[in-house]
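# A closer look at the structure
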Amino acid sequence: MNKIYYIAKKIHKGKGEDKKVSQPITRIARLSIILAMAINIITLAVVTGFQNEVKDKVIGFGSHATIVKAGENSTFESAPIIFNDSLSQAVKALKGVKNIQPFAYKPALLQSDADTNHYQINNIDTFQVQQEIHGIIMKGVGATYDWTFFESHLVEGVVPNVKDTIPHDEVIVSAQVAKNLSIEVGDDVNVFFVKATPVKLKYKVTGIFKTGLQEFDEQVVIGDMRNVQKLNDWGIQTAIRVADTVTSDGQFVIYADARGGNGNYRHDWGKGFENARGFTYCDAKDTVIRLITSDYNMFIDGFGELNSIPDTAYLKVSVEGNKRMPCFPKHMEMDQFKKTFLNASGTQFAVDLKGGKRVTFEYTDGKGSHQNYIGGYEVEVDDFSQLEEITANIKRAIYYQDNEDQIEYRVRTISEDQQEIFIWLDFLNLNVIIILVLMLLISTINMGSGLLVLIITKTQLIGLLKAIGTTNWDIRKLFLYQAVFIILRGVIIGNVIGIGLCLLQQYFTIIPLNPEVYYLDAVPVELNLWHIVFLNIGTVVLCTAALIVPSYVVTRISPIKALKFD
């Protein structure tokens, strides 16, 4: 065994008068190491947990990256793009890409059921009806959507069924929204959508989630993308209608009823696109009228323009009786002819005309081209640290795609979409560095003071060792060994305290947070093994290295004076 190490160990375990002098200061030094280790472990665990928790939840509401139309600054308000399966497959084939999924957003208002409060005023019974209104963003997702995040945060119910061939009016809402509007799983909630004509729909709440990220919990409601596509009036939806009156010469008025697009419509009634919205009609034979509607900007043929995908509608006309007669209705009410509806939906009706003629109309409305449009694509990656590299690969993959739709895309990372949050999270790293440095500096100063006290109390031993020929470096190592014993014991106790407090917070949530300020409802902790290992090694090495300078005092002690020291 190393003789210097042996002596240092004996001195450390021994009990003497000089031990009583040095013990208080060595305890203070050990306590500073314990506090430094405990505080540094807690700091690293809390900041790491906080950064990862907030980051994961923000990404959960969106994705690692989004592909939207160029020129859009907000994913929530992005202009529609045509779904491109070849682009989707090209991005999905890239290394590091986990999933790509289309999405669409639509602002809306949720309305609670009426709450009637009965009370008396001056012995008169009266009541008051109250309804809560809450603004939200409806996020529409499709069959390829990854529900892992929301399924892990569901507190009740299930996620909506978006994989069926028919879209369902189902949504999931946050626990905060459910509380504000008194909603439970299975309830129907009124949803108002802002359009040219406001629309009120009822959606069934299939699940309630709680992420603790209050800003997002209060905003986002998840439902079927097909409903959102239709509500956004993306693309064109057209229909053929018959006016309720006839012309003075006995002609029906046939016209196009279109919506969506840019509002500047062009119609093809069988002779190519033109501005004509309709025409008059009274035929003697059965026929089917076809209508194709699209939009345009400047040129009626749409040449060189990025126009909406056209939609097609049909009108079936059947003529019975005296077919050659003009189309003067037999029955008129308030200047409108009387219709005899032949089905419950009102898409088929007959009109009796003078002279024994009867005309039957049957509408077949266009299905709309809205299903071809999406708000953009969400891209999930396997490794967040590789996001910048993968994003660059996505941009290259999009650039080399054959883009027949003439759409320019923009790829945005989550750190760009939520820039303020990610800058704030990165700024926390500076706070961690400051705390680590300060705690290590304080513990090093205290250890230096403790080492000097140990040297002073062992002055006679130093003189004796020098008298028998021990080198200055060996004597310095003697005291450095003792300092290491103190440091190691402090590090071990500090680990126990720091890790123990972290585990208590992790499993019992001792310290809550205000989600309005911190985005979370409790202090998150994440114990990283490598962080703890490097912190322990760094603390022991840095503190020991910093004590080499104070140990230099040993070289200034004279053996003769030291042996006479009392």
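This part takes up the sheet that holds strand β14 (residues 265-268). Read from one edge of the open sheet, seven strands run β15-β14-β17-β18-β23-β22-β21, paired in antiparallel fashion. Edge positions in the sheet fall to β15 (273-274) and β21 (340-341), since each has one partner strand and no second. Across eight bridges, strand β18 (residues 311-321) lies against strand β23 (residues 357-364) in antiparallel orientation. Along β23, the bridge assignment pairs glycine 321 with lysine 357.

Bringing the pairing of β14 into the picture now. Every second residue of β14 is oriented toward a common face, with Tyr265 and His267 on one face and Arg266 and Asp268 on the other, all of them buried. Inspection of the sheet shows β14 paired to strand β17 (residues 287-295) by four bridges, in the antiparallel sense. If you follow tyrosine 265 over to β17, its bridge partner there is aspartate 295. As paired strands, β14 and β15 are joined by two bridges and run antiparallel to one another. Its bridge partner being in β15, histidine 267 is matched across the sheet by glutamate 274. What sits between β14 and β15 in their antiparallel hairpin is a turn of four residues, with glycine 270 showing a positive phi close to 125 degrees.

Going through the model one piece at a time under the given rule, you end up with one disulfide. For cysteine 282, the disulfide goes to cysteine 327, at an S-S distance of 1.9 Å. Taking the sign of the S-S torsion, 85 degrees for the link of cysteine 282 and cysteine 327, the bridge is right-handed. One end of the pair, cysteine 282, is in the loop between β16 (278-281) and β17; the other, cysteine 327, is in the loop between β18 and β19 (332-333), and 45 residues separate them in sequence. On the accessibility criterion, cysteine 282 (23% relative accessible area) is partly exposed. The class for cysteine 327 is buried, based on a relative accessible area of 2%.

This paragraph deals with the pattern of salt bridges. Applying the stated criterion across every chain, the model contains ten salt bridges. Here lysine 339 makes a salt bridge to aspartate 244, at a shortest N to O gap of 2.9 Å. Here lysine 339, found in the loop between β20 (336-337) and β21, pairs with aspartate 244, found in strand β12 (residues 236-246); they are 95 residues apart in sequence, far enough to count as distant. The class for lysine 339 is partly exposed, based on a relative accessible area of 23%. Here the residues in one salt-bridge network are Glu320, Asp352 and Arg358, joined through shared partners.

Our next topic: the sheet that holds strand β13 (residues 252-260). Here three strands make up an open sheet; going across it, the order is β12-β13-β16 and the pairing antiparallel. Single-partner strands in this sheet number two, and they are β12 and β16. In this sheet, adjacent strand axes meet at a mean angle of 25 degrees when their direction is disregarded. As paired elements, β12 and β13 share eight bridges and run antiparallel to each other. Paired with isoleucine 236 across the strands is glycine 260, a residue of β13.

This next bit is on helix α3 (residues 85-92). Residues of α3 that are buried: Leu87, Ser88 and Val91. Buried residues of α3, seen end-on, are gathered within an arc of 100 degrees and therefore sit on one face of the element. Residues of α3 that are buried make contact with β1 (65-69), β3 (97-111), β25 (376-381), α8 (387-399) and β26 (409-413).

A separate point is empty space enclosed by the protein. Enumeration according to the criterion identifies one cavity of 30 Å³ or more in this entry. Roughly 30 Å³ of volume is contained in the largest cavity. Surrounding the largest cavity, Ile41, Leu44, Ala45, Glu526, Leu527, Asn528, His531 and Ile532 form its lining. When residues of the lining of the largest cavity are assigned to their parent elements, the largest contribution, three residues, is made by helix α2 (residues 17-61).

Extensive coverage of strand β8 (residues 170-174) is indicated by the burial of five of its five residues. The two faces of β8 match: Glu170, Ile172 and Ser174 on one face and Val171 and Val173 on the other face are all buried. In this sheet, strand β10 (residues 199-209) lies alongside β8 in parallel orientation, the contact comprising five bridges. For serine 174, the partnering residue across the bridge sits in β10 and is phenylalanine 209. Summarising the sheet, β8 and strand β11 (residues 220-224) pair through two bridges and their orientation is antiparallel. Counterpart to valine 171 in the pairing with β11 is glycine 223.

Turning our eyes to something else, we now look at the packing of aromatic side chains. With the rule as written, the count across this model stands at 20 aromatic pairs. For the pair phenylalanine 349 and tyrosine 363, a centre-to-centre distance of 5.7 Å together with 65 degrees between the ring planes defines the contact as edge-to-face. On the criterion of sequence distance, the pair formed by phenylalanine 349 in strand β22 (residues 348-353) and tyrosine 363 in strand β23 is long-range, its members being 14 residues apart. One exposure class covers both phenylalanine 349 and tyrosine 363, and it is buried. Within the aromatic cluster, the residues linked to one another by ring pairs are Phe61, Tyr145, Trp147, Phe149, Phe150, Phe209 and Phe216. In this structure, arginine 241 packs its charged tip against the face of tyrosine 363, placed 4.5 Å from the ring centre. In this structure, lysine 339 packs its charged tip against the face of phenylalanine 349, placed 4.7 Å from the ring centre.

Here the focus is the environment of tyrosine 281. Assignment of secondary structure puts tyrosine 281 in strand β16. What makes tyrosine 281 buried here is its relative accessible area of 10%. When the C-alpha positions of tyrosine 281 and cysteine 327 are compared, they lie 8.7 Å apart, and in sequence the two are 46 residues distant. Filtering out sequence-adjacent residues up to four positions away, tyrosine 281 remains in contact with Gln251, Phe252, Ile254, Thr287 and Val317.

Basis of the calculations
Residues numbered from 1 in each chain as written. Predicted model: local features only at pLDDT ≥ 70, side-chain atom pairs only at ≥ 80, totals over all residues. Heavy atoms only, no water. Pairing = 2+ DSSP bridges. Helix = DSSP H or I, 4+ residues; strand = E, 2+ residues; numbered from the N terminus. Buried < 20%, exposed > 50% of the residue type's maximum accessible area, 1.4 Å probe, protein only. Disulfide = S-S within 2.5 Å. Salt bridge = Lys/Arg side-chain N within 4 Å of Asp/Glu carboxyl O. Axes fitted to C-alpha atoms, helices over the stretch in contact; angles between N-to-C directions. Arc of directions from axis to C-beta. Contact = heavy atoms within 4.5 Å. 1 Å grid on protein atoms, 1.4 Å probe; cavity = no way out; pocket = protein on both sides within 12 Å on 5 of 7 lines; lining within 4 Å. Points joined across faces, edges and corners; volume = space filled by probe spheres on them. Phe/Tyr/Trp six-rings, centres within 6.5 Å; stacked < 30°, edge-to-face > 60°. Lys NZ or Arg CZ within 6 Å of the ring centre and 35° of its normal.

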